[in-house]
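Here are the chains, one letter per residue:
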Amino acid sequence: MSRRLISTGSPFEKTAGYSRAVVDGDFAFVAGTTGYDYATMTMPSDVTSQSRNCFKTIEAALDEAGFAMADIVRATYYLTDVTDADAHFAVCGDVLGDIRPAATLLVVSALLKPEMKVEIEVTAKRRTD
């Protein structure tokens, strides 16, 4: 299977030189995804909504690539405020509670734009069972 690029269609992907996801064999690598709501074209102000939006975007990219959320084996979370961790983890538990990928949380000083509170990246491996 050849390498395949998954795009959201955002012109920023070309400008910044990245893809929303890259499929290589049985793996899908989803780029850091922020909480932008593509339905309303807005960024919610709270970390709970942003985290949910991250997972919606990730799920759409995985679906387009032929993967499911259950295929996620690794997740990395970037938060700009440690006090948001409990609210973020509540969303992670809702979305990934049965999947339970290996995960890491990093608290960072900032993301690209000040309104961004969370960024999530995942790796998925196609399940063969």
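Residues numbered from 1 in each chain as written. Predicted model: local features only at pLDDT ≥ 70, side-chain atom pairs only at ≥ 80, totals over all residues. Heavy atoms only, no water.

## What to know about the nonpolar core
Counting residues in hydrophobic clusters, the biggest one holds 26 residues, and the most contacted among them are F55, I58, L62 and I120. Listed by contribution, the elements that provide at least two residues to this core are strand 2 (21-24), strand 3 (27-34), helix 2 (47-65), strand 4 (72-79), helix 3 (85-96) and strand 6 (118-125). Among the elements that make up this core, the one with the highest residue count is helix 2 (7 residues). The contacts of I58, once residues within four sequence positions are left out, are V30, T33, M69, I120 and V122. (Core = buried A, V, L, I, M, F, W, Y, C linked by side-chain atoms within 4.5 Å. Buried < 20%, exposed > 50% of the residue type's maximum accessible area, 1.4 Å probe, protein only. Helix = DSSP H or I, 4+ residues; strand = E, 2+ residues; numbered from the N terminus. Contact = heavy atoms within 4.5 Å.)

## Comments concerning the sheet that holds strand 6
Spatially, 6 strands are ordered 1-2-3-6-4-5 in an open sheet, and the strand pairing comes out mixed. Looking at strand neighbours, the two that pair on one side only are strand 1 (4-6) and strand 5 (102-107), the edges of this open sheet. When strand polarity is set aside, the average angle formed by the axes of neighbouring strands in this sheet is 10 degrees. Two elements, strand 2 and strand 3, share 4 bridges in a ladder whose sense is antiparallel. Paired with A21 across the two strands is V30, which belongs to strand 3. Helix-sheet contacts for helix 3 involve strand 4, strand 5 and strand 6, and the interaxial angle to strand 4 is about 160 degrees. (Pairing = 2+ DSSP bridges. Axes fitted to C-alpha atoms, helices over the stretch in contact; angles between N-to-C directions.)

## Description of the pairing of strand 2
Consecutive side chains along a regular strand alternate between the two faces of the sheet. The alternating pattern of strand 2 places A21 and V23 on a buried face and V22 and D24 on a face that is not buried. Across 3 bridges, the pairing between strand 1 and strand 2 is antiparallel. Bridging across to strand 2, I6 finds its partner in A21. Counted along the chain from strand 2 to the antiparallel partner strand 3, the turn is 2 residues long, and its residue G25 has a positive phi close to 65 degrees.

## A look at the environment of P114
By the secondary structure assignment, P114 is in the loop between strand 5 and strand 6. Sequence-wise, P114 and T42 are 72 residues apart; in three dimensions their C-alpha atoms are separated by 14 Å.

## Observations concerning the packing of aromatic side chains
Under the definition given, this model contains 4 aromatic pairs. Their ring planes at 15 degrees and their centres at 6.0 Å tell us that F27 and F29 sit as a pair that is stacked. Plain terms: the ring middles of Y77 and F89 are 6.5 Å apart, the flat faces sit at 80 degrees to each other, and that makes the pair edge-to-face. Taken together, the residues Y77 in strand 4 and F89 in helix 3 connect sequence positions 12 residues apart. F89 sits in the partly exposed class, given a relative accessible area of 40%. The ring of F27 is capped by K125, whose NZ or CZ atom sits 5.8 Å from the centre of that ring. Over the aromatic face of F67 sits the side chain of R126, whose NZ or CZ is 4.1 Å from the ring centroid. (Phe/Tyr/Trp six-rings, centres within 6.5 Å; stacked < 30°, edge-to-face > 60°. Lys NZ or Arg CZ within 6 Å of the ring centre and 35° of its normal.)

## A look at the pairing of strand 3
Pairing geometry for strand 3 and strand 6, over 6 bridges, is antiparallel. Bridging across to strand 6, V30 finds its partner in V122.

## Details of unusual backbone geometry
Located in the positive-phi region is M41, a residue other than glycine, with phi close to 60 degrees. Within the element layout of this structure, M41 appears in the loop between strand 3 and helix 2. Take M41: its relative accessible area is 51%, and that puts it in the exposed class.

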